[in-house]
Amino acid sequence: MRKLIWQSLLQSPLSEPISAADDLGLAALGRSLHTAARRRLGRSLSIREVDAGSCNACELEIHALNNAFYDLERFGLRFVASPRHADVLLVTGPVTKNMREALERTYAAMPAPKWVVAAGDCAADCGVFAGSYACVGAVASVVPVDLHIRGCPPTPSALLRGLIALIDRSDAQKPF
Ligand code: SF4
């Protein structure tokens, strides 16, 4: 045990360092999102994520926003456990029959103003799952969608750009 503690204290982290160019681009996007959220909400942006039936690759990219590599919490982006604390509902996958009610109830539980972002091609039009007996349809067929972020899966940078566009657009459309 003592050996393990010493090793963990002395070794450098096992995660790969992000490339300098990527980090600069991501940092700029993160700062833009933080500024946009402060301007629009006066605080950080809180996101509730719902997997409505994805293959989970979209989740891997979304989780990457929070990992040690991208570390987006440094810009005030937060994923929250309760829809009652969320500004944005981030939905992935086509909506399956089993997840329809959960998605509707999550949306209903969020306080206004609230936005819905459909992330990934499946969320936009069912993607590779189109026509499946298990799917109700795209996210927009169940809850009102404010923004689609395309990609299979969308990258963390695409997700960030989408969130910035959402806040910028909402500045003009939805006065408090
Ligand atoms: S968009 Fe692609 S990665 Fe995302 S749930 Fe659909 S198939 Fe999976």
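The structure displayed is predicted, hence computed values, not measured ones. Residue indices begin from 1 for each chain and proceed along its sequence in written order. Totals for whole chains, interfaces and linings use all residues, but because this is a predicted model, local features are given only for residues with pLDDT of at least 70 and pairs of side-chain atoms are given and counted only at 80 or more. Computation of side-chain values: all heavy atoms of the structure, hydrogens and water removed.

(A) The arrangement of the pairing of strand 3 (residues 88-92) in detail. Buried means the residue's accessible area, taken with a 1.4 Å probe over protein chains only, is under 20% of the maximum for its type, while exposed means over 50%, and partly exposed covers the values in between. Secondary structure elements are defined from DSSP: runs of H or I of at least 4 residues count as helices, runs of E of at least 2 residues count as strands, and each element is numbered from the N terminus. The buried fraction of strand 3 amounts to five of the five residues, a majority that puts the element mostly inside the structure. In strand 3, alternate side chains face the same way, and those of Val-88, Leu-90 and Thr-92 on one face and Leu-89 and Val-91 on the other are all buried. When DSSP finds two or more bridges between two strands, those strands count as paired. The pairing of strand 1 (residues 45-51) with strand 3 spans five bridges and is parallel. Considered in strand 3, the bridge of Asp-51 is made with Thr-92. As defined by bridge partners, strand 3 adjoins strand 5 (residues 115-119) across five bridges and the pair is classed as parallel. Considered in strand 5, the bridge of Val-88 is made with Trp-115.

(B) Structural detail: the pattern of salt bridges. Salt bridges are defined by distance alone: a side-chain nitrogen of Lys or Arg within 4 Å of a carboxyl oxygen of Asp or Glu. This model, assessed by the stated rule, comprises four salt bridges. A salt bridge links Arg-100 to Glu-104, with the nearest nitrogen and oxygen atoms 3.2 Å apart. Placement of both Arg-100 and Glu-104 in helix 4 (residues 100-109) is noted, with a separation of four residues, approximately one turn of the helix. Its salt-bridge partner being Arg-105, residue Glu-101 comes within 3.3 Å of it at the nearest N-O pair. On the criterion of helical spacing, the pair formed by Glu-101 and Arg-105 is a turn pair, its members being four residues apart in helix 4.

Interpretation note: all reported values are geometric properties and have no functional meaning in isolation.
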